[in-house]
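Each chain, letter by letter, is given below.
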Amino acid sequence: MKYIKQAESYMLRLDPGELFVGSITDFAAAKNIMSGELRALGAIKDFELGYYLIKEKEYVRKKFEVNAEIVNAIGNLAFRDGKPFSHIHLAAGLPDFSVVGGHLFEGIVSATAEITVTPWPTKMDRKFDDNTGLFLLDLSCGETA
Ligand code: ZN
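So, a few notes on the structure that sits alongside this text. (Residues numbered from 1 in each chain as written. Predicted model: local features only at pLDDT ≥ 70, side-chain atom pairs only at ≥ 80, totals over all residues. Heavy atoms only, no water.)

So, on to the coordination of the zinc ion. Here the zinc ion is held by the protein donor atoms H87 (NE2), H89 (NE2) and H103 (ND1), which lie 2.1 Å from it. Each donor residue of the zinc ion belongs to the same chain, with the gaps between them written as H-x1-H-x13-H. You can see H89 sitting in strand β6 (residues 83-93) and its partner H103 sitting in strand β7 (residues 99-120), a full 14 residues away along the chain. (Donors = N, O, S within 2.8 Å, 3.2 Å for Na, K, Ca; no water. Helix = DSSP H or I, 4+ residues; strand = E, 2+ residues; numbered from the N terminus.)

Okay, structure coming up:
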């Protein structure tokens, strides 16, 4: 990974073979990023997407063993179980120009990934929520509308 700081954001470039989600999470940990947002484009392969079944409270997982365009990846950074956690959703363009998408568990950068990470000043944690079965953002430190 190479990166530069641009105003309040970082521009990261991942190289072929690097983990997409893992590299972002490692970067957030190394830079002590307490929370933030990210977006990315580039190319990814061997990625695993999830579709969350609300009633069953579990993900259907599907692996894509193909080189795809990162049409868009968007996500946020917070902490889960005391460790930095990246929550990322991916829209991936396939060779037939169709697009698949969902919750991104992990993938391998195939050509490059250009990722903008914008840190936020307040730490955000994720807490397990019984209703959804998900680790939701705990914004109890904020205000209520
Ligand atoms: Zn998700």
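Having seen the model, we can carry on.
To continue, consider helix α1 (residues 20-30). Most of α1 sits inside the fold, with eight of its eleven residues counted as buried. For α1, the full list of buried residues reads F20, V21, G22, S23, I24, T25, F27 and A28. Packing partners of the buried residues in α1 comprise β1 (2-6), β2 (9-14), β3 (35-53), β5 (68-80), β6 and β7. Of the residues one or two after α1, N32 is the one with positive phi, at around 55°. (Buried < 20%, exposed > 50% of the residue type's maximum accessible area, 1.4 Å probe, protein only. Contact = heavy atoms within 4.5 Å.)

This paragraph deals with the nonpolar core. In a soluble, globular protein the nonpolar side chains are often hidden away together inside. Judged by nonpolar contacts, the single largest core of 29 residues is most densely connected at F20, F47, L90, L104 and I115. Of all elements in the fold, only β2, α1, β3, β5, β6 and β7 reach the threshold of two or more residues within this core. By residue number, the principal contributor to this core is β7, which donates six residues. The contact partners of L104, leaving out residues within four places of it in the chain, are F20, V21, I44, F47, E48, L49, I88, H89 and L90. (Core = buried A, V, L, I, M, F, W, Y, C linked by side-chain atoms within 4.5 Å.)

The phi angle at A7 is positive, at roughly 50°, despite the residue not being glycine. Here A7 lies in the loop between β1 and β2. For D46, which is not glycine, the phi dihedral falls at a positive 45°. Summarising the element assignment, D46 is placed in strand β3. The exposure class assigned to D46 is partly exposed, which follows from its relative accessible area of 36%.

Further remarks concern the environment of L53. When you line up the elements, L53 lands in strand β3. Separated by 79 residues in the primary sequence, L53 and T132 have C-alpha atoms spaced 9.6 Å apart. With residues near it in sequence (within four places) discarded, L53 still touches E58 and V60.

Under the criterion given, the structure shown has four salt bridges. A salt bridge links D125 to K123; its shortest N-O distance comes to 3.8 Å. Here D125 falls in the partly exposed class, since its relative accessible area comes to 30%. Owing to a relative accessible area of 37%, K123 belongs among the partly exposed residues under this scheme. (Salt bridge = Lys/Arg side-chain N within 4 Å of Asp/Glu carboxyl O.)

The analysis is restricted to geometry; functional conclusions fall outside its scope.
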